[in-house]
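One letter stands for each residue in the lines below.
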Amino acid sequence: KGKVDLGAIKDIYPLEDMALKGIVTADAALSGRMSDIEKGAYDRLDVNGQLGVEGIEVEYGKFPTIEVNRAMATLSPAKMALENLDVKIGGSDISATGSLTNYWGYLLHDKTLSGRLALSSQMLDLNELMASMATEEQTEEQSKEGEESEETSDDLSLIEIPKNLQLTLDCSLKKVLFEKMVIDNFEGRASVNNGVLSLDDLAMSMFDGKARAAAKYSTANIDSPRLGFDATFNQASFKTTAAQLEL
């Protein structure tokens, strides 16, 4: 039980290229036998309470500023319930609610983490997020020379989907910016299961028309990754499509 002022960390530990502020509060209790943890019998643990953050602000290098207005997680032996997650990353905002199960097994023994979250956003600027990530990757590559740098670049070309995640995201995004494309009223479901990312029942407005899509990306066999995509467009403008896709 207690409170941590993140803004005070710089007074006791150098953060170099990072600035922090905000409050983390905790009021939780855990009791049980170590033998139950070793056996994975997490349902025998008595855990309850809450963890919360408020007024969080993180500035790191050239990344967009991350702000968490408020977030609360309620703990029980069966699950971790997420309430009121409200995050801003640069010009993007994300809100989420939901729950995670088997979180002790995931944290302690790399077991499969399961759960379902509802994700919403008024503005998701993927260009800003990808630009900051690319800058960080370029910095890392520049710190190495020759073949080692080339190997790093090759390694980054494949994104591996973790096999110990079994998560479902129900998405409702008001506006998404991706390269020159402007996507409005994006609705759909994303799920991760055993190394496979699936996008189902996607509906959106783009190219001055309507679109529906589904996709699947699998790294279950890391030596043979698979990608499938299917889309249907109605009443799209040729002029807008050509301009946003640079065709």
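Quantities reported herein were computed from a predicted structural model and do not represent experimental measurements.

*Asks:* Is there a simple way to explain the overall build of the protein in this structure?
*Replies:* Looking only at helices and strands, the protein features five helices and 13 strands. Across the 247 residues in the protein, those meeting the buried criterion constitute 28%. About 15800 Å² of surface is accessible on the protein, with carbon and sulfur atoms providing 53% of the total.

*Asks:* Got a minute to help me understand unusual backbone geometry in this structure?
*Replies:* Note on backbone geometry: most residues besides glycine have negative phi, and most peptide bonds are trans. In this model, Asn102 sits at a positive phi of 60°, which is unusual for a non-glycine residue. Counting through the fold element by element, Asn102 comes out in the loop between β6 (92-101) and α2 (103-109). Of the residues examined, Asn102 reaches a relative accessible area of 31% and is grouped as partly exposed. One non-glycine residue, Asn194, lies in positive phi territory at about 55°. Along the chain, the position of Asn194 falls in the loop between β10 (181-193) and β11 (196-206).

*Asks:* So what exactly am I meant to see when it comes to a nonpolar patch on the surface here?
*Replies:* Taken together, the side chains of Tyr106, Leu107 and Leu108 present a nonpolar region at the surface, about 280 Å² in accessible area. Structurally, Leu108 can be placed in helix α2.

*Asks:* Please explain the side chain of Asp93 as it appears in this structure.
*Replies:* With respect to the secondary-structure elements, Asp93 resides in strand β6. Although Asp93 lies buried, it forms no salt bridge, and the closest oppositely charged side chain, Lys88, sits 7.1 Å away as judged by the N-O distance. With sequence-adjacent residues up to four places away left out, Asp93 is seen in contact with Val87, Lys88, Ser120, Ser121, Gln122 and Met123.

*Asks:* Looking at this model, I keep getting lost on the environment of Ala243. Mind explaining?
*Replies:* With respect to the element layout, Ala243 can be found in helix α5 (residues 238-245). Along the sequence, Ala243 and Phe207 sit 36 residues apart, while their C-alpha atoms lie 9.1 Å from each other.

Reading the values: rules and limits
- Residues numbered from 1 in each chain as written.
- Predicted model: local features only at pLDDT ≥ 70, side-chain atom pairs only at ≥ 80, totals over all residues.
- Heavy atoms only, no water.
- Helix = DSSP H or I, 4+ residues; strand = E, 2+ residues; numbered from the N terminus.
- Buried < 20%, exposed > 50% of the residue type's maximum accessible area, 1.4 Å probe, protein only.
- Areas by Shrake-Rupley, 256 points an atom, 1.4 Å probe, with all protein chains shown as cover.
- Patch = residues over 30% accessible without salt bridge, like charges linked within 9 Å, V, L, I, M, F, W, Y side chains within 5 Å.
- Salt bridge = Lys/Arg side-chain N within 4 Å of Asp/Glu carboxyl O.
- Lys, Arg positive; Asp, Glu negative; His and termini not counted.
- Contact = heavy atoms within 4.5 Å.

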